[in-house]
Amino acid sequence: MDQNCLFCRIIRGEIPSAKVYEDEYVFAFRDINPQAPVHILVVPKTHIPCADAVDAENSVYVAKCFEAIAKIAEAEGLSNGYRVVNNCGEDGGQSVMHLHFHLIGGVKLSEKVV
Ligand code: DGP
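Within each chain, residue numbers correspond to sequence positions counted from 1 in written order. Only residues with pLDDT of at least 70 get local features here, since the model is predicted, and only at 80 or more are side-chain atom pairs given and counted; chain-wide, interface and lining totals rely on the full set of residues. Only hydrogens and water are set aside when side-chain values are computed; all heavy atoms of the structure are taken into account.

Trainee: I'm lost on the site of the ligand in this one. Help?
Mentor: Distances are taken per atom, and a residue is near a molecule or strand as soon as one of its heavy atoms is within 4 Å of it. Of all residues adjacent to the ligand, which total 15 residues, the nearest are Arg-30, Asp-31, Asn-87, Ser-95 and His-102. Polar contact criterion, stated in full: a pair of N or O atoms within 3.5 Å, where within protein one must be able to donate a hydrogen and the other to accept it, and residues adjacent in sequence count only if both atoms are side-chain atoms. Take Asp-31: an N or O atom from its side chain is 2.5 Å from an oxygen atom of the ligand. Contacts to the ligand include Ser-95, whose backbone N or O atom sits 2.7 Å from an oxygen atom. Strands here mean DSSP runs of E at least two residues long; helices mean DSSP runs of H or I at least four residues long; both are numbered from the N terminus. Looking at the shell around the ligand, the elements that each hand over two or more residues are helix H1 (6–12) and strand E2 (26–30). Looking at the shell around the ligand, the element that brings in the most residues is H1, giving three residues. Considering only residue class, the shell around the ligand consists of seven nonpolar, six polar and two charged. Following the grouping adopted for this structure description, the nonpolar residues are Ala, Val, Leu, Ile, Met, Phe, Trp, Tyr, Cys and Pro, the charged ones are Asp, Glu, Lys and Arg, and the polar ones are all others, Gly among them.

What follows is the structure, encoded as structure tokens:
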């Protein structure tokens, strides 16, 4: 974990968040600036800065994030689908340098990047 990282501080409880899920590997909380009725950030409980930094040592955290996403989506009633987004680096629009997945849904999503 990183002393000054915003999401590490949220995971440690130093900064309050609207937590929706937590296990040994994953912490998930509502985005402060939601882009849809459901907008949850799913983050690994270890400091991986971005997708570029995923490797054989830490990839279990990524797998656990996706296991959590399935559980959270069910709990949030997203049975008709949802979108998972990861922004990586400057060109990808990443603003918080702690790997995270945006779980977005609760409405028919229109804009598609790919
Ligand atoms: P990204 O741009 O992909 O790095 O997404 C960062 C997201 O983090 C952005 O949607 C807003 C959210 N965010 C930033 N600061 C906070 C915070 O203090 N609390 C919560 N809940 N979300 C935050």
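The rest of the description comes next.
Trainee: Could you clarify how one ought to interpret the pattern of salt bridges in this entry?
Mentor: A side chain of one charge can pair with a side chain of the opposite charge when the charged atoms of the two come close. Note on definitions: salt bridges are taken to be side-chain nitrogens of Lys or Arg within 4 Å of carboxyl oxygens of Asp or Glu. For the structure on display, the rule yields six salt bridges. For Glu-14, the salt bridge goes to Arg-9, with nearest N and O atoms at 3.0 Å. Accessibility here uses a 1.4 Å probe with only protein chains present; expressed as a share of the type maximum, an area under 20% marks a residue as buried, one over 50% as exposed, and anything in between as partly exposed. With a relative accessible area of 41%, Glu-14 lands in the partly exposed category. Where Glu-76 meets Arg-30, a salt bridge forms, and the shortest distance between an N and an O atom there is 2.9 Å. One end of the pair, Glu-76, is in the loop between helix H2 (59–75) and strand E4 (82–85); the other, Arg-30, is in strand E2, and 46 residues separate them in sequence. Look at Glu-76 and you get partly exposed, because its relative accessible area is 24%. Overlapping salt bridges bring together Arg-9, Arg-12 and Glu-14 as one network.

Trainee: In this structure, what is going on with the state of the cysteines? I would like to understand it.
Mentor: Each disulfide is one covalent bond, formed between the sulfur atoms of two cysteines. Two cysteine sulfur atoms form a disulfide, by the criterion used here, when they sit within 2.5 Å. In total, this model carries zero disulfides according to the counting rule given. Of the cysteine sulfurs around Cys-8, a residue in no disulfide, the closest is that of Cys-5, at 3.8 Å. The exposure class assigned to Cys-8 is buried, which follows from its relative accessible area of 0%. Distance from the sulfur of Cys-50, which forms no disulfide, to the nearest cysteine sulfur (Cys-88) is 4.2 Å. Under the relative-accessibility criterion, Cys-50 is labelled buried at 11%.

Trainee: Please clarify how a nonpolar patch on the surface should be interpreted in this entry.
Mentor: What goes into a patch is any residue over 30% in relative accessible area without a salt bridge, connected to like charges within 9 Å or, for nonpolar side chains (Val, Leu, Ile, Met, Phe, Trp, Tyr), within 5 Å. Reported accessibility uses the Shrake-Rupley method at a 1.4 Å probe radius. Residues are deemed covered only where the shown protein chains occlude them. The grouping of Phe-66, Tyr-82 and Val-84 at the surface amounts to a nonpolar patch, some 240 Å² of accessible area in total. Mapped onto the fold, Tyr-82 is located in strand E4. With a relative accessible area of 37%, Tyr-82 lands in the partly exposed category.

Trainee: When you look at the sheet that holds strand E1 (residues 19–22) in this model, what are you seeing that I'm missing?
Mentor: Strands in a sheet are paired, the pairing made by backbone hydrogen bonds, and the direction either parallel or antiparallel. Ordered by their spatial adjacency, five strands build an open sheet running E1-E2-E3-E5-E4, and the pairing between neighbours is antiparallel. Edge positions in the sheet fall to E1 and E4, since each of these pairs with one other strand and no more. Strand-to-strand twist of the sheet, defined as the mean angle between neighbouring strand axes without regard to direction, takes the value 20°. In the sheet, strand E3 (residues 38–44) pairs with strand E5 (residues 101–105) via five bridges, with the strands oriented antiparallel. Bridge pairing in E5 places His-39 opposite Ile-104. Note: two strands are recorded as paired if DSSP finds a minimum of 2 bridges between them. Note on method: axes are straight lines fitted to C-alpha atoms, helices fitted across the in-contact stretch only, with angles between N-to-C directions ranging 0 to 180 degrees.

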